[in-house]
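# Overview (structure and organization)
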Amino acid sequence: MDDKKNSFLDNIEEYISTFLFIMLIILCFLQILFRFVFNFSLSWTEELSRYVFIALVYFSASLAVVRGAHVRVEVIDGVVKGRNKKVLDSIIDLSFAGFMAWVGYYGLELSVDALALEQTTPALEWQVGWIYAIIPFTFYLIALRLVQRVYRRMTGKLEQEYAPSEAEEALKKIEDERGNK
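Residues numbered from 1 in each chain as written. Predicted model: local features only at pLDDT ≥ 70, side-chain atom pairs only at ≥ 80, totals over all residues. Heavy atoms only, no water.

## Overview of the overall build of the protein
A count of helical and extended segments in the protein gives 7 helices and 0 strands. The helix and strand sequence of the protein, counted from the amino end, reads α-α-α-α-α-α-α. Expressed as a percentage of the 181 residues in the protein, the buried residues total 28%. Taken as a whole, the protein presents about 12700 Å² of accessible surface, with 65% of it coming from carbon and sulfur. (Helix = DSSP H or I, 4+ residues; strand = E, 2+ residues; numbered from the N terminus. Buried < 20%, exposed > 50% of the residue type's maximum accessible area, 1.4 Å probe, protein only. Areas by Shrake-Rupley, 256 points an atom, 1.4 Å probe, with all protein chains shown as cover.)

Following this line, the structure appears as structure tokens:
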């Protein structure tokens, strides 16, 4: 039971992103269907699809952190190896987490200010502050996932990141064969 719970929590961004993507497809389909088939426009589908898309982008950014799939400059990776690479990657991740927490803090201020103004969205009439709350929530989630990566890296639970890839192993094999000739 505990493994299922951890597995669910470890993959929560994937589940949420999948749900949001399916919801976005359905909303866009409804918008097209009503506009071109029934000659009637649903104003709320456009607005809701915009908010769903924004949430999808931010949750997918967190998913990219979980999978280690963010774009990065890899020049240093060829020079720094072993324990030093773990330390450097941890410093980079903690710096990234600090920046995400900083943006999350200001996003939270923005959300609170918008809630105080009681401004609502045009079609759905939702309070804008709750829409803005996507920013601090997901940025704090990204910061949490980055700290989690550092913890896993330091405890040895993220070793696959430092194992040689199949391409690196094949290249080493070719170099060894050339050296033997």
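## Let's talk about the packing of aromatic side chains
Counted by the stated rule, this structure contains 7 aromatic pairs. Ring centres 6.0 Å apart and planes at 55 degrees place the aromatic pair Phe 59 and Phe 137 in the tilted group. Note that Phe 59 is positioned in helix H3 (residues 43-67) and Phe 137 in helix H6 (residues 134-154), a separation of 78 residues in sequence. Three or more aromatic residues joined by ring pairs form one cluster here, namely Phe 99, Trp 102, Tyr 105 and Tyr 106. (Phe/Tyr/Trp six-rings, centres within 6.5 Å; stacked < 30°, edge-to-face > 60°.)

## Observations concerning the nonpolar core
The biggest cluster of nonpolar side chains holds 13 residues, and the ones touching the most others in it are Leu 20, Leu 48, Val 52, Ala 55 and Phe 59. Listed by contribution, the elements that provide at least two residues to this core are helix H2 (12-37), H3 and H6. Of all the elements, H3 adds the most residues to this core, at 6 residues. With residues up to four places along the chain from it excluded, the contact list for Phe 59 reads Glu 13, Ile 16, Ser 17, Leu 20, Phe 137, Thr 138 and Leu 141. Residues Ala 97, Phe 139, Ile 142 and Leu 146 belong to the second largest nonpolar core, which totals 8 residues. (Core = buried A, V, L, I, M, F, W, Y, C linked by side-chain atoms within 4.5 Å. Contact = heavy atoms within 4.5 Å.)

## Quick notes on the UniProt feature "transmembrane region" (unreviewed entry) in the protein
Under the present numbering, the feature "transmembrane region" (unreviewed entry) in UniProt falls on residues 12-36, 48-66, 87-108 and 128-147. Along residues 87-108 one finds 100% helix and 0% strand; the C-alpha atoms at either end are 31 Å apart. Helix makes up 95% of residues 128-147 and strand 0%, with an end-to-end C-alpha separation of 30 Å. (UniProt positions renumbered as here; feature names shortened; annotations may be inferred.)

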